[in-house]
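Descriptive analysis of the structure
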Amino acid sequence: MASGPSDPPRRPQEDDDARRRGASGPQRSREQRGASQSQRSREERAEPRISHSPPGPTDDRPRGLPLASPWGMPPFAAPVPDEPEEPPKGRMPYSSPTAEPDVEPRRRPRRVVDRPDKLVAGGPLSAGPETRPQPASPASGPAEPPEDAEPPEHAEPSEPSEPGEPEVRRVGRPPAGRPTRPDRLVASGPPRPQGGRHQRGPAPAALRRSSPVRGTSRAVPVALTVAAAVLAATGVLVWQWASDEGPALRLAAGTGRSGDDLFTVQAAGDGADQKLNDMAAVGRAVVAVGSDTTSPTPRPLFLFSPDSGRTWQLGQVDGASTPTVRRVVGGDGRWLAAGGERGLWTSADGLAWTTVDTSAPAFLPGDRIDDIARTASGFVAVGRTSGADGGTGPAAWRSGDGRTWERVETRELEVRELKAVVARGDTLVAVGVPADGEGSRVLRSADGGRTWQATGFQLPEAEPRTGTVAAQAERFVFVPTRRRTPEGDVRVYCSSTGARWSSCGSIDKLGGTSVGVESLISHQDGVAAIAQTGLGHYTVLTSSDGGSWKKRADLGDLPRATLRAFTVASGGTLLAGGDHAASDVDNQLVLMAVPPGGKPGRVPLTKVEGLTRAARETNALAAFSGRYVAVGSASGDAGLWTIQDWRSWKSMSVGGPGRQTLEDVAHGGRGWLAVGSTETDVSFTDPLLVTSSDGESWRKVEVKGDLARQGDLPYLRTGVVAAGGGGYVVVGESRDQAGASSAVVWFTRDLRTYTRAERLPRRGAGVRVHDVVAVGGGYVAVGASGDADREASVVWFSEDGLNWSARPRVAPQDATSAGLRRVAVYRDQLVAIGTAVTGGQRRPFAAVSDDEGASWRTAWLPAEQAAAADDLAAAADGLVAVGRHGTPGEGDSAAWTSTDGLSWNRVELTQDRLAGRGAQRLSAVAVTGSEVVALGRSTTYSADHLILWTSSLSADK
């Protein structure tokens, strides 16, 4: 939090009394001033010096001024005396000293001023004609003032306060208000005997605080230089005000270390969430695919066995993609996997996989891939496409190598979408949803998927699903899944070409509790059918012709397990994969192997390097009075970690059933409050709040009253908290049965009673509030609405935390999408950061408001590649933002600094796990004094590590 203003140093009271008793001010006559100047001109020429007394007396009332007078303001910040200003004439201050005025102006009489808020310089004057000092031109040329800057004034003399004191001249003010660094004064003059130049020390703290940038200009402030020269002939002292270009902040490279051992909690499992969805075998090579959605870094899951399933290793994946893989096929040194909406991966060996670019023209928004097949000439994918009106239609694609795809014609096929496909050579059979009627309709292609024709075969009782059709050496086999006749059998249909179909047998001997066949698979010796015969029990039947079937294996004793992936490897070993719920927060892989004539056995996967990862996340970090508190989750439980004065981190778990997480934490007048959510089961989510008076002992808040989820809503969580003088504001999200979301706001004064806000703009529908902050007049919340590609920023304001109104949206110029992520108070301003889309690329931006969100100025954060800013912290000397910079999935950690919220510097972070192979990012930051602490992670496909980064922030004084 930025520190507030403090009283500037004061001169002793007797010093002011002496000045009041002296003959100074406008009452002195012109003759007295001339005598004083003559006396000074006869004095021995002395070394130049700077005369700038500390501002104001201890009490301004003896001078007839209000207590809040301009005397306590920084140089160049005080208002001009109340008199009409004349338009600039002649040569302008800070223009070239050699420039000639267009017309010689008639000079107005000198105006005597008593302005201690102006910087002045004094020195001995030479005899002879009076010479007015001319400001020096900056090296880069004159700077253009903003539109609302005051007209520059000519330098004017000021009368000395005492007869014996040297004359004091007001040099003038720089254009566009005050310079960037009013705390450094530089004077030049005759060479000093010891060499070097005379440089003043830092100005008082009150003078170093610069007021907010005004106006609507978004230009980056340029360095302002006010220079003067000591002329040997005249003895006129010249001094210079200099500033470096850009923000005068230094963020040290700091030290990064692993947080894996720091941010843990006592838990029974890892909190992992992994599944196997499909398997394929070609010769001795076996590939199993699925998903690993372990929070917060999901990944597509590939397992590879080179020896028919005896040993396994984690695959290698390059490129960012969807975390779910549903299907895999291969043969002749080429493999293809598909998942998500239209995720595709290719491999030459089944071990190393590369993400495929599924962009236009072959793939369009609204496309979805449901199944894939390996043909003699390449690969085929089928699915659906969705139009802007919400209607759906069939979609199909083909590729020779799996990397380059073409879209094929699918009109006039009498289906709404395609759900399954298999191939025998270049002849393919696909199953779709009929355009008219119910059940399944079969389509056929005889040329590797280039063209498709609808067949006359349609089964009203068969649900179109992946795994309903298979291929063996001489025929195609079709089995309605999860369907049995009244007698308990499952009918089987066969076709030699895929064009004409007929019943060719049935599958019987299934248990009475079985609902039928779950799926069919093709293998080199025929076809296999998998049926679930009970809870945790599966039966596998095989056939060489589709007509006669025999039991191959019974897979039982699998409590709380689901099997989805099956294949038969070289040598006849049956492999089955899926997952089982090890606990309420831990879902682990299951892999079974059944050798020919042998018994089923579990394949151990715990020794597969890089496969198992613990769920852990640090979501937020806050600091107060030397204590840091971090919140997040670990191994499925909500976690809190705290450290006081850097002695040691202490970890705490909230405890309780279900998957839990804490997302934000804040300190206020009643102590600490952390908020998050609990998944009581896969269907319901409830708020989670914990409080503490000291940051070490925490207790749960009872979720009741306005905090409780209503019975008809499946989802209600808390995710953002801010503390102000009046109390705490908590913001969350609710979802209805249809998945529509709305923002929810609560207010509490005592951390016991929580009142839900009823007055929200548009009742909060479709709004995601990402952050909230307390301001002088109340609270400001920021966020976004709309989907990720067409976000619109959201700004809300409330005086009491309960009644909220919308403020204008914020977006950089030319941005097609913009959302706000974080907001902080810095030097009586609001500074927010967010992400916007411009030119098709996502970039971070900042916004500054001087009026509590009623109006904003924006600026881009520097980034040469795609980037995102995740968190923001304010310190006394400036702002620090953290995030990532680089290609998503491959970027590095990033940090930015600013002294005004509009001019930013990006800091290169290249060491200590902050950059390198994989994806790195910093997601939470807090600043205390000059100390910067940030949390993040470094992730590759096979490794995931937490990062604790400490640094220091310093400013030129």
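Residue indices begin from 1 for each chain and proceed along its sequence in written order. Given that the model is predicted, a residue must reach a pLDDT of at least 70 before its local features are reported, and side-chain atom pairs must reach 80 or more before they are shown or counted; all residues, however, enter totals for whole chains, interfaces and linings. As a convention, hydrogens and water are excluded, and side-chain values are obtained from all of the structure's heavy atoms.

- As recorded in an unreviewed UniProt entry, the protein goes by the name DUF6242 domain-containing protein, listed as coming from Nonomuraea maritima.

1. Regarding the overall build of the protein
- Only DSSP runs of H or I covering at least 4 residues are called helices, and only runs of E covering at least 2 are called strands; the numbering of each starts at the N terminus. The helix and strand tally for the protein stands at three helices and 64 strands.
- Note on contacts: a residue pair is in contact if any heavy atoms of the two residues lie within 4.5 Å. Across the protein, the fraction of contacts at a sequence separation of at least 24, relative to all contacts at a separation of at least 6, is 51%.
- Residue burial considers only the protein chains on display, and all accessible areas are found by Shrake-Rupley using a 1.4 Å probe. Here the protein displays about 42400 Å² of accessible surface, and carbon together with sulfur accounts for 48% of that area.

2. Concerning the sheet that holds strand 26 (residues 469-471)
- When DSSP locates at least two bridges between a pair of strands, those strands are taken to pair. On the basis of which strands lie adjacent, the open sheet formed by four strands has the order 26-27-28-29 and antiparallel pairing. This sheet does not close on itself; its edge strands, each paired only once, are strand 26 and strand 29 (502-507). For this sheet the average axis-to-axis angle between neighbouring strands, irrespective of direction, equals 30°.
- In the sheet, strand 28 (residues 490-495) pairs with strand 29 via five bridges, with the strands oriented antiparallel. When the bridges of strand 29 are listed, V490 appears paired with I507. Interaxial angles span 0 to 180 degrees and are taken between N-to-C directions of axes, which are lines fitted to C-alpha atoms, for helices over the stretch in contact.

3. Focus on the state of the cysteines
- To count as a disulfide, a pair of cysteine sulfur atoms needs to be within 2.5 Å. By the definition in use, this model includes one disulfide.
- Here C494 engages in a disulfide with C504; their sulfurs sit 1.9 Å apart. Judged by the sign of its S-S torsion, about 50°, the bond between C494 and C504 is right-handed. Taken as a pair, C494 in strand 28 and C504 in strand 29 lie far apart in primary sequence, 10 residues in all.

4. A look at the confidence of the model for the protein
- In the predicted model, the protein carries a mean pLDDT of 79, and the fraction of residues at 70 or more is 74%.
- What pLDDT conveys is the predictor's confidence in a given residue, as a value from 0 to 100. Looking over the protein, one finds the lowest element-wise mean pLDDT in strand 6 (residues 238-240), namely 27, and the highest in strand 48 (residues 741-748), namely 98.
- Below a pLDDT of 50 lies the segment residues 1-247, which in the model reaches 365 contacts outside its immediate sequence neighbourhood of four places, other chains included.

5. Focus on the pairing of strand 48
- Whether a residue is buried, partly exposed or exposed follows from its accessible area with a 1.4 Å probe, protein chains only, as a fraction of its type maximum: under 20%, in between, or over 50%, in that order. The element strand 48 is extensively covered by neighbouring structure, given that seven of its eight residues are classed as buried.
- Both strand 47 (residues 728-735) and strand 48 contribute to a ladder of eight bridges, which runs antiparallel. Looking at the pairing, E733 lines up with A743 of strand 48.
- If you look at the hairpin formed by strand 47 and strand 48, you'll find five residues sitting between the two strands, and G739 has a positive phi there, around 90°.

6. So, unusual backbone geometry
- Following S295, the chain continues into P296 via a peptide bond in cis, with omega recorded as 0°.
- Following the sequence through the fold, P296 ends up in the loop between strand 10 (285-292) and strand 11 (299-305).
- The amide bond that connects A360 to the next residue, P361, takes the cis arrangement and shows omega of 10°.
- Backbone geometry at S635 places phi at a positive 55°, although glycine is not the residue there.
- One can find S635 in the loop between strand 39 (627-634) and strand 40 (637-644).
- Among the residues examined, S635 registers a relative accessible area of 11% and is labelled buried.

7. Side note on the pairing of strand 62 (residues 919-928)
- Pairing geometry for strand 62 and strand 63 (residues 931-939), over nine bridges, is antiparallel. The residue of strand 63 that forms the bridge with T928 is E931.
- Where strand 62 folds back onto strand 63 in an antiparallel hairpin, the turn is made up of two residues, including G929, whose phi is positive at roughly 60°.

8. Looking at the pattern of salt bridges
- Here, a salt bridge means any Lys or Arg side-chain nitrogen found within 4 Å of an Asp or Glu carboxyl oxygen. All told, the structure shown has 32 salt bridges when counted by the stated rule.
- With its nearest N and O atoms 3.1 Å apart, the salt bridge here joins E518 to R482. Here R482 lies in the loop between strand 27 (476-478) and strand 28 and E518 lies in strand 30 (residues 517-523), a separation of 36 residues in the sequence.
- On the basis of relative accessibility, which here comes to 14%, the residue E518 falls in the buried class.
- Among the charged side chains, a network of salt bridges with common partners joins E663, R717, E733 and R735.

9. Remarks on the packing of aromatic side chains
- By convention, a stacked pair of Phe, Tyr or Trp rings (six-membered ring in the case of Trp) has centres within 6.5 Å and planes under 30 degrees apart, an edge-to-face pair has planes over 60 apart, and any other such pair is tilted. Applying the stated criterion across every chain yields a total of 14 aromatic pairs.
- Between F263 and W641, the aromatic rings sit 5.4 Å apart at their centres with planes inclined by 90°, giving edge-to-face as the arrangement. Pair noted here: F263 is in the loop between strand 8 (255-258) and strand 9 (274-282) and W641 is in strand 40, with a separation of 378 residues, a long-range link.
- Overall, the relative accessible area of 1% leaves F263 in the buried class.
- Ring centres of W646 and W649 lie 6.2 Å apart, and the angle between their planes is 80°; on these two criteria the pair is classed as edge-to-face.
- An aromatic cluster is built from F263, Y628, W641, W646 and W649, whose rings are joined through pairwise contacts.
- A cation over an aromatic ring shows up here: R374 above the ring of F379, its NZ or CZ 4.8 Å from the ring centre. Charges are assigned to positions over rings by a cutoff of 6 Å between ring centre and Lys NZ or Arg CZ, combined with an angular limit of 35 degrees from the ring normal.

10. Remarks on the sheet that holds strand 13 (residues 316-318)
- Across the sheet, which stays open at both edges, the five strands sit in the order 13-17-16-15-14 with mixed pairing between neighbours. At either end of the open sheet lies a strand with only one pairing partner, and these are strand 13 and strand 14 (327-331). Pairwise comparison of adjacent strand axes, ignoring direction, gives a mean angle of 20° for this sheet.
- Note that strand 15 (residues 334-339) and strand 16 (residues 343-347) share five bridges and pair antiparallel.

11. Details of the side chain of T691
- If you trace the backbone, T691 turns up in strand 44 (residues 684-692).
- Those residues in contact with T691, other than ones at most four positions away along the chain, are W672, L673, S697, W698, R699, V701, L751 and Y754.

12. Let's talk about the nonpolar core
- The biggest cluster of nonpolar side chains holds 33 residues, and the ones touching the most others in it are F302, L303, W312, V328, W353, L605 and L611.
- Contributions of two or more residues to this core are made by strand 9, strand 10, strand 11, strand 15 and strand 36 (586-594).
- The dominant element in this core, judged by the number of residues it contributes, is strand 10, at five residues. Throughout this description, the term nonpolar core refers to a set of buried Ala, Val, Leu, Ile, Met, Phe, Trp, Tyr and Cys residues connected via side-chain atoms within 4.5 Å.

13. Some remarks on the environment of D637
- Mapped onto the elements of the fold, D637 is located in strand 40.
- Separated by 17 residues in sequence, D637 and V654 place their C-alpha atoms 7.0 Å apart.
- If we skip the residues at most four places from it in the chain, D637 touches V265, Q266, A267, G632, S653, G656, G658 and Q660.

14. Regarding the side chain of N587
- Within the secondary structure, N587 is located in strand 36.
- The exposure class of N587 is buried, given its relative accessible area of 13%.
- A 3.5 Å cut-off defines polar contacts: any pair of N or O atoms within that distance qualifies, except that in protein one atom must be a possible hydrogen donor and the other a possible acceptor, and neighbouring residues in sequence count only when both atoms are side-chain atoms. Of note is the side chain of N587, whose polar atom sits 2.9 Å from the side chain of D579.
- Dropping the residues within four chain positions of it, N587 is found in contact with A272, D273, Q274, K275, D579, H580 and A581.

15. As for the environment of W856
- Mapped onto the elements, W856 comes out in the loop between strand 56 (841-849) and strand 57 (857-860).
- For W856, a relative accessible area of 17% puts it in the buried group.
- Along the backbone, W856 and P808 are 48 residues apart, and their C-alpha atoms lie at a distance of 8.5 Å.
- The contact partners of W856, leaving out residues within four places of it in the chain, are V795, P808, V810, L830, A832, A847, V848 and S849.

16. Brief notes about the environment of S440
- On the secondary structure map, S440 appears in strand 24 (residues 440-445).
- Residue class for S440 comes out buried when judged on its relative accessible area of 2%.
- Considering only alpha carbons, one finds S440 and A430, 10 residues apart in sequence, at a separation of 9.9 Å.

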